[in-house]
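# What the coordinates show
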Amino acid sequence: MPNMPDTKSKPCPLCGKPPSPDHAPFCSRGCKDRDLLQWLGEGYRIPGPPVDTDGLDSEDSDR
């Protein structure tokens, strides 16, 4: 049997309401914009090791 598309849509990842075709996978423009603001505001950042800022953007560094 060929793979059938999933007829059940996943809920909005932010509020859990059914998704809107115009804003999928979100339910509204509001949730879509809130998600974008999280990305722009570094709300979804991944922790990593500290960066050594000495020598960054320095003209004295050896290349």
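Conventions adopted
- Residues numbered from 1 in each chain as written.
- Predicted model: local features only at pLDDT ≥ 70, side-chain atom pairs only at ≥ 80, totals over all residues.
- Heavy atoms only, no water.
- Patch = residues over 30% accessible without salt bridge, like charges linked within 9 Å, V, L, I, M, F, W, Y side chains within 5 Å.
- Areas by Shrake-Rupley, 256 points an atom, 1.4 Å probe, with all protein chains shown as cover.
- Salt bridge = Lys/Arg side-chain N within 4 Å of Asp/Glu carboxyl O.
- Helix = DSSP H or I, 4+ residues; strand = E, 2+ residues; numbered from the N terminus.
- Buried < 20%, exposed > 50% of the residue type's maximum accessible area, 1.4 Å probe, protein only.
- Lys, Arg positive; Asp, Glu negative; His and termini not counted.
- Contact = heavy atoms within 4.5 Å.
- Expected span 1.5 Å × (residues − 1).

## Overview of a nonpolar patch on the surface
The grouping of Leu 14, Leu 36, Leu 37, Trp 39, Leu 40 and Tyr 44 at the surface amounts to a nonpolar patch, some 640 Å² of accessible area in total. Its place among the elements puts Leu 40 in helix α1 (residues 29-40). By relative accessible area, Leu 40 is classed as exposed at 63%.

## A few points about the side chain of Asp 35
Note on placement: Asp 35 falls in helix α1. Put simply, Asp 35 is tucked away with no salt bridge, and the nearest opposite charge, on Arg 34, sits 8.3 Å away. Discounting chain neighbours no more than four positions away, the residues touching Asp 35 are Leu 14, Phe 26 and Tyr 44.

## Topic: the environment of Pro 13
Position of Pro 13 among the secondary structure elements: in the segment before α1. Pro 13 sits in the exposed class, given a relative accessible area of 53%. Taking the C-alpha atoms as reference, Pro 13 lies 9.7 Å from Lys 32; in sequence the two are 19 residues apart.

## Concerning the pattern of salt bridges
Side chains carrying opposite charge are able to pair once their charged atoms draw close together. According to the stated counting rule, one finds two salt bridges in the structure shown. Close ionic contact of Arg 29 with Asp 33 constitutes a salt bridge, the shortest N to O distance being 3.5 Å. With a gap of four residues between them, Arg 29 and Asp 33 both fall in helix α1, about one helical turn apart. Given a relative accessible area of 56%, Arg 29 falls into the exposed group. Taking the shortest distance from any N to any O, the salt bridge between Glu 42 and Arg 45 comes out at 3.7 Å.

## Focus on α1
For an α-helix, the turn length of 3.6 residues means that residues three or four places apart are oriented alike. Here α1 is 12 residues long and its end C-alpha atoms lie 16 Å apart, about the 16 Å a rise of 1.5 Å per residue gives. Once α1 ends, the next one or two residues include Glu 42, with phi positive near 60°.

## Points about unusual backbone geometry
In this model, Ala 24 is joined to Pro 25 through a cis peptide bond whose omega is 5°. Turning to its location among the elements, Pro 25 is positioned in the segment before α1. Of note, Glu 42 is a non-glycine position whose phi angle comes to about 60°, a positive value.

None of this, on its own, says anything about what the molecule does.
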